[in-house]
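Chain by chain, the residues run as shown.
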Amino acid sequence: MPRGSESRAERSEGAGNRPAPSRLRPSFWLAAAACAMALACEGANVDRPNVGSGREPEAGISPPLRPGDGGIDVPISRGEVGSVSPDAACVSQSIKAERLPLDLYVMLDASYSMLTDTAMGMSKWDAIKAAINGFASDPASAGISMGLQVFPIVRQQIPEDCFMDSTCAAFGPCLMARACSPATTVRDCQTDAECGSGTCVPLSACTLSDKYCLQSGTYCGGEGGVPAGNRCEQIPGYCIGRDVCEVPPYATPTVPVTPLPMVAPSIRASLDARKPEGLTPVGPALAGAIEHARARAVANPGAKMAVVLASDGLPSACTPNRVTGIVQIAREGAEGSPSIPTFAVGVVGQEEMAASRSNLSAIATAGSTVRPFIINTAANVTKEFQAALEAIRANTIACEFKLPKPAAGALDYTRVNVVLTAGDGSVVTLGNVKNRAACDGGRGGWYYDVDLDSGANPSAIIACPSTCDRLRAETSGRLDVLLGCQTVVD
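Nothing here was measured: the structure is a model prediction, and the numbers come from that model. (Residues numbered from 1 in each chain as written. Predicted model: local features only at pLDDT ≥ 70, side-chain atom pairs only at ≥ 80, totals over all residues. Heavy atoms only, no water.)

### What about unusual backbone geometry?
The general pattern is negative phi for most residues beyond glycine and trans for most peptide bonds. For the bond running from serine 181 to proline 182, omega is 0 degrees, close enough to zero to count as cis. The residue proline 182 is located in the loop between strand E5 (178-181) and strand E6 (199-202) in this model. The backbone of cysteine 318 shows a phi angle near 65 degrees, a positive value even though the residue is not glycine. Of note, cysteine 318 is situated in the loop between strand E12 (304-311) and helix H6 (323-335). The backbone of serine 368 shows a phi angle near 65 degrees, a positive value even though the residue is not glycine. A relative accessible area of 25% means that serine 368 is categorised as partly exposed. (Helix = DSSP H or I, 4+ residues; strand = E, 2+ residues; numbered from the N terminus. Buried < 20%, exposed > 50% of the residue type's maximum accessible area, 1.4 Å probe, protein only.)

Structure, rendered in structure tokens:
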């Protein structure tokens, strides 16, 4: 039977009531075909509907350290050059360190895989929407700013369904779900050679039952109480060029980065206006997010800018579509000037868990955020996704501080010191290092947001990762910036 817009799986389906294949765009098959064409999938079953959800032993969020988790016992500074106390004779001014305000640019996966059910009886898309809306309207989020874009951006003038390349014109080919006939263990063939003595044919689905079939135009039968008229119909393909692969559109937010909660209604309206469709072009989406974040950070040096990439972690379209290329994009974002960290949040079914965790871990590590947040669809996705955003909110602002202005005259960047008074009363001067790379090997201390040798003027003080861990664990400590004394270097 012909399928109109209501018959596609753009709407949510209840948990445990997986829609019949004839009503479900076969994202698994399309993604598998994309992988085969690009030889690009690292991990299996990209965009595949979740089958057999279940909480893994460590299901839910795997967050980085939070305040109160307990500190890592590392020296705050390895400097032996000397120390500066708040009452030192050379100190001209002592100022309590003020954390940078936070700006978040959320790049949200809105591909077909977001239609997959969760254990809470709603799709991943609806669960994530509820979490983002809850975070945006949370009074605790007041004071930070947030912007939004989704991927893929699609060319709406290109038909969503195709059965031949000519339908797609210049935006083809038509990516078809295919299988071997007669059926073999090869479920997602591209050529007859993969099927032995059989042939690779377009995949079809029964119109009235939850079954795939291979003989389009025939009847699936009425077994198991399924009524007569259960036809086998070919599953439509997808024009591979319908998804936008250029970076600039992803660098333009649908909701500009604006203070919360003022922007919350715009975020809600933008999410409500979008339906999940298309494949998963993580590469250009992340590149665009970092490009926009860096431009904003340059224009607004008084805030900390970060990217939140929310996806299943399984890229299936555009270039780069190998995880190694996407990891390089995240690394360049973190190591650039100004540094743009990438937080990775995955909402994943048990079947894709291993591949998604591996991919998102690599992206988070390269993006200087250590570990991803992994949320199992068997858990309460809305609650745990919002908790992930709250952890990002807390962790991002823990370790970057405004560079204060002196009471009089120009600031001498060689006469700035950072002193931590820990909760136990101990006082230590944190040693200064040249840049983030100089923090390697667990070295503590701090550095400016720009290299002094570049001639640019710094606007922020950033703690090295090991010192940052200590600061997160300090629930009652105090950080002061002292002006006037020669900087203690590590």
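What follows continues from the structure just given.
### Points about empty space enclosed by the protein
Enumeration according to the criterion identifies three cavities of 30 Å³ or more in this entry. Considering only enclosed or pocket space, the second largest cavity measures out at about 40 Å³ in volume. Around the second largest cavity, the lining residues are Val282, Leu309, Ser311, Gly313, Leu314, Pro315, Val323, Ile326, Asn359, Leu360 and Ile363. Taken together, the elements giving at least two residues each to the lining of the second largest cavity come down to E12, H6 and helix H7 (353-366). Take the lining of the second largest cavity: its biggest share by element is three residues, from H7. Grouping the amino acids of the lining of the second largest cavity by side-chain chemistry returns eight nonpolar, three polar and no charged. (1 Å grid on protein atoms, 1.4 Å probe; cavity = no way out; pocket = protein on both sides within 12 Å on 5 of 7 lines; lining within 4 Å. Points joined across faces, edges and corners; volume = space filled by probe spheres on them. Nonpolar A, V, L, I, M, F, W, Y, C, P; charged D, E, K, R; others polar.)

### Concerning the pairing of strand E13 (residues 342-348)
Counted residue by residue, E13 has seven buried out of seven residues, so it is predominantly covered. Judged from the five bridges that link them, E12 and E13 form a sheet pairing that is parallel. The residue bridging valine 308 from the neighbouring strand is phenylalanine 343, located in E13. What joins E12 to E13 is H6, and the crossover it makes is right-handed. Relative to strand E14 (residues 373-376), E13 runs parallel, the two sharing four bridges. What sits directly across from valine 347, in E14, is isoleucine 375. Taken together, E13, H7 and E14 constitute a β-α-β crossover, and its handedness is right-handed. (Pairing = 2+ DSSP bridges. Right-handed = clockwise from strand over helix to strand, strands pointing away.)

### Quick notes on the packing of aromatic side chains
The full count for this structure, using the stated rule, is three aromatic pairs. Between tyrosine 112 and tyrosine 238 the ring centres are 5.9 Å apart and the planes differ by 85 degrees, which places this aromatic pair in the edge-to-face class. Pair noted here: tyrosine 112 is in the loop between strand E2 (102-109) and helix H2 (124-137) and tyrosine 238 is in strand E10 (residues 238-239), with a separation of 126 residues, a long-range link. The pair tyrosine 112 / tyrosine 238 is uniform in exposure class, with both members buried. Plain terms: the ring middles of tyrosine 413 and tyrosine 448 are 5.9 Å apart, the flat faces sit at 80 degrees to each other, and that makes the pair edge-to-face. You can see tyrosine 413 sitting in the loop between strand E15 (400-402) and strand E16 (416-421) and its partner tyrosine 448 sitting in strand E18 (residues 446-448), a full 35 residues away along the chain. Looking at tyrosine 413, the relative accessible area reads 21%, which means it is partly exposed. One aromatic cluster is present, built from ring pairs that chain together Tyr413, Trp446 and Tyr448. (Phe/Tyr/Trp six-rings, centres within 6.5 Å; stacked < 30°, edge-to-face > 60°.)

### So, the state of the cysteines
This structure, assessed with the given rule, holds ten disulfides. The side chain of cysteine 206 participates in a disulfide bridge whose partner is cysteine 220; the two sulfur atoms lie 2.2 Å from each other. The sign of the S-S torsion, about -95 degrees, decides the handedness of the disulfide formed by cysteine 206 and cysteine 220: left-handed. Taken together, the residues cysteine 206 in strand E7 (residues 204-206) and cysteine 220 in the loop between strand E8 (212-213) and strand E9 (232-234) connect sequence positions 14 residues apart. A residue is classified by how much of its surface remains accessible, and cysteine 206, at 4% relative accessible area, is buried. Covalently, cysteine 439 is tied to cysteine 464 through a disulfide, its sulfur atoms 1.9 Å apart. Between cysteine 439 and cysteine 464 the disulfide shows an S-S torsion of about -60 degrees. By sign, it is left-handed. In this pair, cysteine 439 is assigned in the loop between strand E17 (427-430) and E18 and cysteine 464 in the loop between strand E19 (460-463) and helix H9 (465-473), connecting sequence segments 25 residues apart. (Disulfide = S-S within 2.5 Å.)

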